[in-house]
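Fold and geometry: a report
Okay, here's what each chain looks like letter by letter:
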Amino acid sequence: MALPLSIPMLLAGLLGVMAAPAWSRGPNLCTVERMETDPASVEAPCSARLDTAKLSPKARAEALHIRGKGRDRTGAAQLALQDYEAAIVLQPKNGDLYASRASARFNRNDFEGGVADLQTALQLDERNTRALVSIGNLMIESGQPDGLKLLDKALRIDPKQPFGLLFRLRAYAELGRWQEAFKDADALVALPRKSLDRVSYRGRDGLPEDFHIIALEERAKLFNARRQTAEAEADLNAAVAYKEGPQSYLARGTFLFGKAGRETDALRDFDRLVDTQSHRAWFHSARAELLLRLKRSAEALEASERAIVIDDSEGVAYEIRGNALTQLGRFDEAFADFTTALDRDPSLIPKHLARLEMAGYFPSRQPPTEMTPLLRDALKACSLDPACRER
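Bear in mind that the values here come from a model prediction, so they are computed numbers and not experimental data.

Here the focus is the overall build of the chain. A tally of regular secondary structure across the chain gives 23 helices and two strands. In the chain, which comprises 391 residues, the share counted as buried stands at 51%. If you take every contact in the chain between residues at least 6 apart in sequence, the share linking residues at least 24 apart comes to 52%. Surface exposure of the chain reaches about 18400 Å², of which carbon and sulfur atoms provide 51%. The distance from the centre of the 55 positive side-chain charges to the centre of the 56 negative ones in the chain is 5 Å.

What follows is the structure, encoded as structure tokens:
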């Protein structure tokens, strides 16, 4: 079980990386370096600097840019957008400002506006690596393989561009170009951690994540796809050793979740996750599924009920609770949960249809795409049939 990554969020993170102007290296506190290590800390010094009447248009635009980046990274996308727009008025030919405004627009779900700003950034500077990488990845995600050429161009300009390496290794993996994918993954893992710490990466749920852990996780995925499970696990263990916490535990726990016979190890990581991230319903659902596999039915029931209390809109939590109730012999309650699960999430129907058809309870040649009276009757019949329940 894993949460999908949001492309706009990833692009917003990429577009949060900017070059440091010469003046920002002085003693003032409105600096790129400060913004990248503590985004909220530049609000006051940049605002104070902008109150200085003697600033040149260029210096004022740079201060607006830095404050905007800090605001964008701390979730104030609308205020960031205002700063970028004011900076663009002062420096309308600065492509980096348009790339930054694209970030704020993506963060406000203005996808078309973000793409338009990226195109403007490239028109102003065809070597703008932030725009090249973002547009290249968008093209690949939309099924346009020529996007890979833009990633190649960006990485010729800057071979250590982290998002360029990340997006290109994923593209290579999709194409089955494993040697090239591993080369990019190795380069990404080898990037200095101090420089990666300054990169804004937004992953699961749009939350900031550590880029070095992402690099190790991506290489582990390549190893896993090539059935090199020992190497994959070694990278994920390295991620936990580097920085113990929800991100590294989730990466390793998700990997182990998919490995038969490793339920106890996976459960250990999900136990840690629910200890620190108890508000996440799907962590409890994943933990409940692992407990089910270990035949710890009462604990699975408790975990699935916790998931439902947190978020009762997810069908999978009801399905897991139904399975736990079945293991406990509470078949009527299990039937009620299965029908609720399929009502909440029709994508679960095919899995249940397979066992219903094998047991002869659902002969229809046209599988339903939503809960129907016929499907409900079949589920009820299955709940009363030990052979069907065990399928």
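Moving on, we get to the state of the cysteines. This structure, assessed with the given rule, holds two disulfides. Here C382 is linked by a disulfide to C388, with a sulfur-sulfur distance of 2.0 Å. Of note, the bridge from C382 to C388 carries an S-S torsion of about -100° and is left-handed in sense. Taken individually, C382 and C388 each receive the classification buried, so the pair is uniform in this respect.

Under the 1.5 Å per step criterion, the end-to-end length of helix α7 (residues 111–124) is 20 Å for 14 residues, consistent within 8% with the ideal 20 Å. Taken together, the buried positions of α7 are occupied by G113, G114, D117, L118, A121 and L122. Buried residues along α7 sit in contact with α6 (95–107) and α8 (129–141). Between the side-chain oxygen at the start of α7 and the backbone nitrogen of G113 there is a gap of 2.9 Å, and the oxygen is on D110.

Let us look at the confidence of the model for the chain. Keep in mind that low pLDDT regions are not for reading the predicted coordinates in detail. Across the chain, the average pLDDT comes to 90, with 92% of residues at or above 70. In this model residues 1–6 is a low-confidence stretch, pLDDT under 50, and it forms 15 contacts with partners more than four residues away in sequence or in other chains. A low-confidence stretch, residues 18–26 stays under pLDDT 50, and its non-local contacts, those more than four residues away or across chains, total 28 contacts.

This next bit is on the packing of aromatic side chains. In the structure shown here, the tally under the stated rule is eight aromatic pairs. A ring pair is formed by F182 and F223, whose centres lie 5.0 Å apart and whose planes are at 45°; its orientation type is tilted. Here F182, found in helix α11 (residues 178–190), pairs with F223, found in helix α13 (residues 211–225); they are 41 residues apart in sequence, far enough to count as distant. F223 sits in the buried class, given a relative accessible area of 15%. For the pair F257 and F270, a centre-to-centre distance of 6.3 Å together with 65° between the ring planes defines the contact as edge-to-face. Here the residue F257 occupies a position in helix α15 (residues 246–257), and F270 occupies one in helix α16 (residues 263–276), the gap between them amounting to 13 residues. Each member of the pair, F257 together with F270, is buried. The structure contains a cluster of three or more aromatic residues connected by ring pairs, namely F257, F270, W282 and F283.

One finds F163, L166, L188, F211 and F270 to be the most contacted residues of the largest nonpolar core, which totals 85 residues. In this view, F211 contacts P162, F163, L166, L188, L196, V199 and Y201; residues no more than four positions away in its chain are not counted. Within the second largest apolar cluster, 19 residues are counted, among which are A281, L356, F362 and L375.

Our focus in this paragraph is helix α14 (residues 229–242). Compared with an ideal rise of 1.5 Å per residue, which puts 14 residues at 20 Å, α14 spans 20 Å between its outermost C-alpha atoms and is within 8% of the ideal. Residues A232, E233, D235, L236, A239 and V240 constitute the buried set of α14. Angular distribution of buried residues about the axis of α14 spans 155°; they occupy a single face of the element. Along α14, the residues that are exposed and aim more than 90 degrees away from the buried face are A230 and A241.

Analysis parameters
- Residues numbered from 1 in each chain as written.
- Predicted model: local features only at pLDDT ≥ 70, side-chain atom pairs only at ≥ 80, totals over all residues.
- Heavy atoms only, no water.
- Helix = DSSP H or I, 4+ residues; strand = E, 2+ residues; numbered from the N terminus.
- Buried < 20%, exposed > 50% of the residue type's maximum accessible area, 1.4 Å probe, protein only.
- Contact = heavy atoms within 4.5 Å.
- Areas by Shrake-Rupley, 256 points an atom, 1.4 Å probe, with all protein chains shown as cover.
- Lys, Arg positive; Asp, Glu negative; His and termini not counted.
- Charge placed at Lys NZ, Arg CZ, Asp CG, Glu CD.
- Disulfide = S-S within 2.5 Å.
- Expected span 1.5 Å × (residues − 1).
- Polar contact = N/O pair within 3.5 Å; in protein donor to acceptor, adjacent residues only side chain to side chain.
- pLDDT = per-residue confidence, 0-100.
- Phe/Tyr/Trp six-rings, centres within 6.5 Å; stacked < 30°, edge-to-face > 60°.
- Core = buried A, V, L, I, M, F, W, Y, C linked by side-chain atoms within 4.5 Å.
- Arc of directions from axis to C-beta.

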